[in-house]
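# Structure at a glance
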Amino acid sequence: MTGHGRAAERSRTIELGMPTPASDPHRHLRGTEGFPAAAHRALADTQLRRNLGHATRTIRAKRAGVVAELDDWEELRRAGEAIKADTMARLPELLVQFEERVTARGGVVHWARDAEEANRIVVDLVRGTGADEVVKVKSMATQETGLNEALEAAGVAALETDLAELIVQLSHDRPSHFLVPAIHRNRAEIREIFLREMPDVDPDLTDEPRRLAMAARAHLRKRFLAAKVGISGVNFAVADTGTLSVVESEGNGRMCLTLPDTLITVMGVEKLVPTWSDLEVFLQLLPRSSTGERMNPYTSTWAGVTPGDGPQAFHLVLLDNGRSNVLADAQGRQALHCIRCSACLNVCPVYERTGGHAYGSIYPGPIGAVLSPQLTGIDGPHDVNATLPFASSLCGACFDACPVRIDIPSMLVQQRAAAVDAHTRRTGQDVAMAAAAIAMTTPGRFKLAERALGVGRVLAGRKGRISTLPWPLSGWSNARDLPAPPAETFRQWWARTHGGT
Amino acid sequence: MRIAVVATCLGDALFPQAPIATVELLERLGHEVVFPADQTCCGQMHVNTGYLDAALPVVRHHVEVFGQAFDAGVDAVVAPSGSCVGCVRHQHAMVARRAGDEGLARAAEQGAERTYELSELLVDVLGVTDVGAYYPHRVTYHPTCHSLRMLRVGDKPLQLLRAVRGLELVELADAEVCCGFGGTFAVKNAETSTAMLADKMAAVLSSKAEVCTAGDSSCLMHIGGGLSRLRSGVRTVHLAEILASTDRDDRSADIVFDRAEVRP
Ligand code: SF4
């Protein structure tokens, strides 16, 4: 079938296909416990708290500095928002155009409905080359699908080459941040990991950052030169040229993209932008928001294959895995605008204190709290992802930081409503909220309810404050006093001083 | 000007000192204040906890009560709370539209246009920064999230505080970071909320202020509840009370600790 014929057939499939939630074969989108329980352990880890506090504070300051340099930052944000909104509004046709361009330039496009399908396609492609080791560029999409586990099950070793990702892989840990997956580790811990897990490491390794980087480089270099297959994700893909791009700091990504014979790229369908010139906006927004740099050190772009230069086989796997489902929700689809800069994580006071693991999903922080439950869907009242939209004080710092102006606070409220809708029987909270709504629409009852507060004065006794409350309000009184209710409500004061009522 | 006051449900029932101060301040400035007595709550608790359907009648009730006040000649509505005004301005129409009630959404938007947080009303509408207050204390100001990022009140509260005679304003480190209240967040995620509160209290204590003020009784209840537990000796006092204070009438009662001293 010609590229065009396949594209035409595909466009029919997109229109008729029923969107489904993401498949999550390796539980990378759902943790094993709800946020409050996971946060409980994270909050008790004082080393984690110090590492996170230090790291996020540093990145926040850098970001604020470079953002303040641009007097058109707000216009750039609005441009980024508009381009993403336009892309999502016509994603099916743009994807078809993109597939045509990639195919015309010598790439092979594969469509994957879910995580299993994407993994199967990649495993088969790697097997076809006969390789038993692949080098990987840091990628959220392949973490989402659990590709490394799938490759391992097929006897293929996947080597993460991003320094922080390598640290996570060596320590058999999970990433806790988009950009700095090992943000929860300090350099003394990293030295320990290297000494324990790198076979050929210098036993006199210190925790000096340069020495650590050199050790990682020595570990990786031989493997780059030997690798036959590279696997990457994508930061941006351009529909009208078929170009893909990866933005990074270390140059290890570029080695994976250029040295092996075969390059396999896994891309979430939302990574698209319509035209080449749209990159102008995002290549300004992303580095300033993520690393706090004016420009990132390495921006690689490629399209198809070039005879005699770079990989001679290029496969692109377009991953849906719940994204069509998110796209179908006019309000929720904003979550697909995310460019994974992690600015919202770094400014979030909840993330700063609990770290990324507390969110269970590989997408942590404010954006994760709205994206993860949308990708997986909320599967009944006990779904741990239903706790994520509540893991926020709605302080709004995420919206202000987001380079594409995703209104995360409003989305959190919408996702809370979805979580409440998933209740299969009425909870105590449901009953209390319904009763409060009745009192609040019936002024007479509201006054009565206020009088019932007199009980609080008895609770408070002569000391004038309440220090213990029954569960669930004990969550409050464990750390904070409450005042005794006043002798006179405002309404009573008004009646006494102004008459009426 | 004829101004209707939103006592807010929390202010009516638990912290009347803030709406009382608001009334007395506006009357001192020569305005007529009215209290639409059928008011109850803006519905914020329902909205922010995800009960958008249950919020609908609460929103409708608020819009109707204050719609009648506007019909009766009220020029503006004021609430001594950034988060309640934030709910009115940014959530009421959303709740109505989600339920398919376009008429209510439009009425809500019209009402919201003339509903102000206290510092907005004073600085933007009434054009005053010096309200003639006297408050001889060392004060630090915590900008609450909803007044800062939902309403964008900016430095209006600081302009007002700087004009208060006798008041020494001291800077709060990391002032713009949330105190950890977040409504039901403080109960549902109590431990995370407490960790945020701990850092806010540390900043307040290291500012060496006698008094921590803010424009929301809810956040003050949280910060003050923590400071009270520590017996820290720092008072939490609503902005309206400071602005209502004069050389004859110092309102330095702590929001939690000094309940017995709240003047009737
Ligand atoms: S939601 Fe916005 S701020 Fe957060 S990671 Fe995505 S693009 Fe960055």
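Residues numbered from 1 in each chain as written. Chains lettered and ligands numbered in written order. Predicted model: local features only at pLDDT ≥ 70, side-chain atom pairs only at ≥ 80, totals over all residues. Heavy atoms only, no water.

## Topic: the overall build of chain A
Cut-off, in case you're wondering: In this description a helix means any DSSP run of H or I spanning at least four residues, a strand means any run of E spanning at least two, and both kinds are numbered starting from the N terminus. Every radius of gyration here is taken over C-alpha atoms, with the globule rule written as 2.2 Å times N^0.38, N being the number of residues. A 1.4 Å probe rolled over the protein chains alone gives each residue an accessible area, and that area as a share of the maximum for its type sets the label: buried under 20%, exposed over 50%, partly exposed in between. Contact criterion: two residues are considered in contact whenever any of their non-hydrogen atoms come within 4.5 Å of each other. Areas reported here follow the Shrake-Rupley algorithm with a probe of radius 1.4 Å; residue values treat only the protein chains shown as occluding. Only four residue types enter the charge count: Lys and Arg as positive, Asp and Glu as negative, with His and the chain ends excluded. Taken as the charge centre is NZ of Lys, CZ of Arg, CG of Asp or CD of Glu, depending on the residue.
Along its length, chain A carries 24 helices and 12 strands. In terms of C-alpha radius of gyration, chain A reaches 26 Å, essentially the compact-globule figure of 23 Å for 501 residues. In terms of overall dimensions, chain A has C-alpha extents of about 90 × 60 × 50 Å along its principal axes. Within chain A, buried positions represent 56% of all 501 residues. A fraction of 74% describes how many contacts in chain A between residues 6 or more apart in sequence connect residues 24 or more apart. Summed over all atoms, the accessible surface of chain A reaches about 20,900 Å², with 54% contributed by carbon and sulfur. Of the charged side chains in chain A, 57 are positive and 57 negative, and the gap between their average positions amounts to 8 Å.

## A word on the overall build of chain B
Helices and strands together make up the secondary structure of chain B, namely 14 helices and 8 strands. In summary, chain B has a C-alpha radius of gyration of 18 Å against a globular reference of 18 Å for 264 residues, a match within 12%. Its C-alpha atoms put chain B at 50 × 45 × 30 Å along the principal axes. Within chain B, buried positions represent 64% of all 264 residues. Summarising the internal contacts of chain B: among those between residues at least 6 apart in sequence, 78% fall at separations of at least 24. For chain B, the computed accessible surface area is about 8,900 Å², with 50% contributed by carbon and sulfur atoms. Each charge sign in chain B was given a centre, from 24 positive and 33 negative side chains, and these centres are 2 Å apart.

## A word on the interface of chain A and chain B
This is how the line gets drawn: Here the quantity called buried area is the total loss of accessible area, with a 1.4 Å probe, experienced by two parts when brought into contact, counted for both. A carboxyl oxygen of Asp or Glu within 4 Å of a side-chain nitrogen of Lys or Arg is what we treat as a salt bridge. Just so you know the grouping, Ala, Val, Leu, Ile, Met, Phe, Trp, Tyr, Cys and Pro go in nonpolar, Asp, Glu, Lys and Arg go in charged, and all remaining residues, Gly too, go in polar.
Taken together, the contact pairs 67 residues of chain A with 72 residues of chain B. Buried surface at the junction of chain A and chain B, summed over both partners, amounts to about 5,700 Å²; 62% is from carbon and sulfur atoms. A per-residue breakdown of the area chain A buries against chain B is headed by Met433(A), Met440(A) and Phe490(A), which together make up 13% of the total. Between chain A and chain B we count 7 salt bridges in total. The shortest N-O distance in the salt bridge between Arg231(B) and Asp481(A) comes to 3.4 Å. In terms of residues, the side of chain A that touches chain B owes the most to one element, helix α20 (residues 428-441) of chain A, which gives 8 residues. Tallied by class, residues from the side of chain A that touches chain B come to 35 nonpolar, 18 polar and 14 charged.

## A closer look at the packing of helix α2 (residues 35-44) of chain A against helix α12 (residues 190-206) of chain B
We count it as follows: For helices, the fitted axis covers only the stretch in contact; all axes are lines through C-alpha atoms, and the angles between them, taken along N-to-C directions, range from 0 to 180 degrees. Oblique is the label for every angle not falling under 35 degrees (roughly parallel), over 145 degrees (roughly antiparallel), or within 65 to 115 degrees (roughly perpendicular).
Orientation of α2(A) relative to α12(B), taken along the N-to-C sense of each, is 40°, at an axis distance of 8 Å. In terms of orientation, α2(A) and α12(B) fall into the oblique class. Every residue of α12(B) that contacts α2(A) at Phe35(A), Ala39(A), His40(A) and Leu43(A) is listed here: Glu191(B), Thr192(B) and Ala195(B). For the contact of α2(A) with α12(B), the per-class residue count stands at 4 nonpolar, 2 polar and 1 charged.

## Structural notes on the sheet that holds strand β10 (residues 313-319) of chain A
All names here are of chain A. Formally: We treat two strands as partners when DSSP finds at least two bridges between them.
If you walk across this open sheet you meet the 6 strands as β1-β10-β7-β4-β2-β3, and the pairing is parallel. Here the strands that pair on one side only, and so sit at the sheet edges, are β1 (108-112) and β3 (157-160). Geometrically, the sheet is characterised by an average inter-axis angle of 25° between neighbouring strands, direction not taken into account. Relative to strand β4 (residues 229-232), strand β2 (residues 133-136) runs parallel, the two being bridged by 3 bridges. Pairing of Val135 across the sheet is with Gly230, part of β4.

## A closer look at the nonpolar core
Cut-off, in case you're wondering: Definition used in this section: a nonpolar core is a set of buried Ala, Val, Leu, Ile, Met, Phe, Trp, Tyr and Cys residues joined via side-chain atoms within 4.5 Å. Note: domain ranges come from an automatic or database domain assignment.
Counting residues in each nonpolar core, the largest one holds 128 residues, and the members touching the most others are Phe98(A), Phe194(A), Leu244(A), Met267(A), Leu272(A), Leu316(A) and Ile367(A). Split by domain, this core shows at least three residues from each of two domains, domain 1 (2-125) and domain 2 (138-261) of chain B. What Leu244(A) contacts, discounting residues up to four positions off in sequence, is Phe98(A), Val234(A), Phe236(A), Ala237(A), Thr265(A), Met267(A), Ser300(A), Thr301(A), Trp302(A), Phe314(A) and Leu316(A). If you look at the next biggest cluster of nonpolar residues, it comprises 37 residues, including Ala21(B), Val139(B), Val237(B) and Ile242(B).

## Brief notes about the pattern of salt bridges
Pairing is possible between side chains that carry opposite charge, provided their charged atoms lie close to one another. All names here are of chain B. All told, the structure shown has 43 salt bridges over all chains when counted by the stated rule. A salt bridge links Asp53 to Arg98, with the nearest nitrogen and oxygen atoms 3.2 Å apart. Here Arg98 lies in helix α6 (residues 92-98) and Asp53 lies in helix α4 (residues 52-71), a separation of 45 residues in the sequence. What makes Asp53 exposed here is its relative accessible area of 56%. Arg98 gets classed as partly exposed once you look at its relative accessible area, which sits at 37%.

## Comments concerning the pairing of β2(A)
Successive side chains on a regular strand alternate, one facing one side of the sheet and the next facing the other. With 4 bridges connecting them, β2(A) and β3(A) associate as parallel partners. Bridge pairing in β3(A) places Lys136(A) opposite Glu160(A).

## Some remarks on the confidence of the model for chain A
Heads up, the condition is: Confidence scores labelled pLDDT are given residue by residue by the predictor and lie between 0 and 100.
This prediction gives chain A a mean pLDDT of 91; 95% of its residues lie at or above 70. In this model residues 1-16 of chain A is a low-confidence stretch, pLDDT under 50, and it forms 15 contacts with partners more than four residues away in sequence or in other chains.

## Thoughts on the side chain of Thr87(A)
Inspection of the secondary structure puts Thr87(A) in helix α4 (residues 73-89). Ignoring sequence-local partners within four residues, the contact set of Thr87(A) consists of Leu94(A), Leu272(A), Val273(A) and Pro274(A).

## A short note on the environment of Ala227(A)
All names here are of chain A. Secondary-structure assignment places Ala227 in the loop between α11 (209-226) and β4. According to the relative accessible area criterion, Ala227 is buried, its value standing at 11%. Separated by 186 residues in the primary sequence, Ala227 and Arg41 have C-alpha atoms spaced 40 Å apart. Setting aside its immediate chain neighbours within four residues, Ala227 contacts Val135 and Pro260.

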